[in-house]
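# Structural description and commentary
The lines below spell out each chain.
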Amino acid sequence: MTEDVEAGRATGTTPATGGGPVGEGRRVGSLVATNLLGGVGVASGIAVGSLLVEQLAGTGAAGLGQAVGVLGAAVAAVPLARLAARRGRRWSLPVGYGVACVGTAGVLAGAATSSLLLLVAGLALFGVAQAAGLQSRYAAADGVPARRRGRTIAVVVWATTVGSVAGPNLAPAGGRLGEALGLPALAGPYLFSGAAFALAALVVAVAYRARPDAVHALGAPAPGAPPAAGAPTAPAVTAAGAQAPAVEADAGVPRSGTSAVVGARAALRWAAGDPAARAGLLLLATAHGVMVMVMTMTPLSMRHEGASLEVVGLVISVHIAGMYVLSPVFGWLADAWGVRRTAALGVAVLGAATALGLVSALAGGGHALTAAALVLLGLGWSAATISASSLLAATPDPVRLPLQGAADAGMSYAGALAAALAGPVLALGGFEAVNVLGAALLVPAAVVLAAAALGRGAGAQPPARP
């Protein structure tokens, strides 16, 4: 057998690693370590990225660094998923972190030469680390039975907590190191980012092994011969024994091994006819967009109300803790209580967060209320993201990997658009308007989730869902 079973290149043998408790622990452990390191790298850079841009281009352009980083993650999501489909996660994850290493070099060079263009280009490539980190949660779910899928995803997501907390705290040491090397102090933390990304790539390349029984990313071909060019793939058989709808491969898309490589557009066309996949896609984008919109404007609103930077930092810290620290609980709920119910809980908690944020704004502030709203915002995002990821991890081949890439791209684009809209909304209607708009954006996700629940089992040969 070649590199990864998940890439669909079986030759009739089974690898010695990847199965059983030891192989499972090694696989998940490598992803946990990779996500931890990636979280350190991303958080180290994000902590000072906007300050670097402000130093070169002024306060008006300070948000440019975050925007191009998010767009970099969005643009990279589909190509990384396509690489995973062709070569396996063991290739796609290191490549993603490798590109981010190149980005850190660009950031350092731009800071050293005071080149805004080079700095922005570096920050865009730096954002690819976020796309690799998002893909790792799907890697954790590959081939995992539905009864354990949510918990496995949640464990890998939870590792980001450690990195997100540790990364910003490295900024002072990074500044001193940068100055010792003749770099601007604000560029120093990117030295730690580059080292963390390089280690993350090394860990996953050396330690990660796909499950031998993982569902093939490229579909299940008929034994003995590849399908005819342009022909639909054979219906995938799910773990429950039901057949998934056949998916027609994109015309002209190259084939690997004996299976057609389905593109992101073909996967999205298939998802349009599947209630659970539709719900997963919309929920992932909506939850992320609402979270980014409210979170981005909270510091500005608090500063307008006279809050100190220390108080603002504390509120954002508890929000980040809410995003990750209870992810194992939501993973357990998704497995034990049901993915759709956990998704509905996430939407409800996000709605409660916007309602509490509105109350806080109408009351003229109140840091305790704002902090409580931000904690709820993080918890709602966590429940929605884990349940949506579980829905997308359960999709059949050959649409699974390209659909996951498209979903992550949509998630990042939604975050970028929300961040862009949030400023004008705050300027026109205050923090009240930001929360009202966030609540309104949740309505379509709630409707689609309800339709997915009512449509469960509808349609010809639906894929099995948890």
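Residues numbered from 1 in each chain as written. Predicted model: local features only at pLDDT ≥ 70, side-chain atom pairs only at ≥ 80, totals over all residues. Heavy atoms only, no water.

Along the protein, the regular secondary structure elements total 15 helices and two strands. Considering the protein as a whole, with its 466 residues, one finds that 52% of them fall into the buried category. Pairs at least 24 residues apart make up 80% of the contacts formed inside the protein by residues separated by at least 6 positions. A total accessible area of about 17,900 Å² is found for the protein, and carbon and sulfur atoms account for 70% of it. (Helix = DSSP H or I, 4+ residues; strand = E, 2+ residues; numbered from the N terminus. Buried < 20%, exposed > 50% of the residue type's maximum accessible area, 1.4 Å probe, protein only. Contact = heavy atoms within 4.5 Å. Areas by Shrake-Rupley, 256 points an atom, 1.4 Å probe, with all protein chains shown as cover.)

This next bit is on the nonpolar core. Counting residues in each nonpolar core, the largest one holds 57 residues, and the members touching the most others are L283, L284, L377, L392, L403, F431 and V434. Contributions of two or more residues to this core are made by α5 (128-141), α6 (146-169), α9 (264-272), α10 (275-304), α11 (309-324), α13 (339-362), α14 (367-393) and α15 (400-454). When residues in this core are grouped by element, the largest group, 14 residues, is from α10. V42, V107, F197 and A201 belong to the second largest nonpolar core, which has 24 residues in total. (Core = buried A, V, L, I, M, F, W, Y, C linked by side-chain atoms within 4.5 Å.)

What follows is about the packing of helix α12 (residues 327-336) against α13. Following both chains from N to C, one finds α12 and α13 inclined at 135 degrees, their axes separated by 6 Å at the closest point. The orientation of α12 relative to α13 falls into the category oblique. When α12 is examined against α13, the residues F330, L333 and A334 are found in contact with a partner set consisting of V339, T342 and L345. Classifying every residue of the contact of α12 with α13 gives five nonpolar, one polar and no charged. (Axes fitted to C-alpha atoms, helices over the stretch in contact; angles between N-to-C directions. Parallel < 35°, antiparallel > 145°, perpendicular 65-115°, else oblique. Nonpolar A, V, L, I, M, F, W, Y, C, P; charged D, E, K, R; others polar.)

Attention now goes to the packing of aromatic side chains. Following the criterion strictly, the structure yields four aromatic pairs and no others. Over the aromatic face of W91 sits the side chain of R87, whose NZ or CZ is 4.1 Å from the ring centroid. (Phe/Tyr/Trp six-rings, centres within 6.5 Å; stacked < 30°, edge-to-face > 60°. Lys NZ or Arg CZ within 6 Å of the ring centre and 35° of its normal.)

Here the focus is unusual backbone geometry. One non-glycine residue, S114, lies in the positive phi region at around 60 degrees. Mapping S114 onto the fold places it in the loop between α3 (89-113) and α4 (116-126).

Quick look at α14 now. Here α14 is 27 residues long and its end C-alpha atoms lie 38 Å apart, about the 39 Å a rise of 1.5 Å per residue gives. Across the 27 residues that make up α14, a large majority, 21, are buried. (Expected span 1.5 Å × (residues − 1).)

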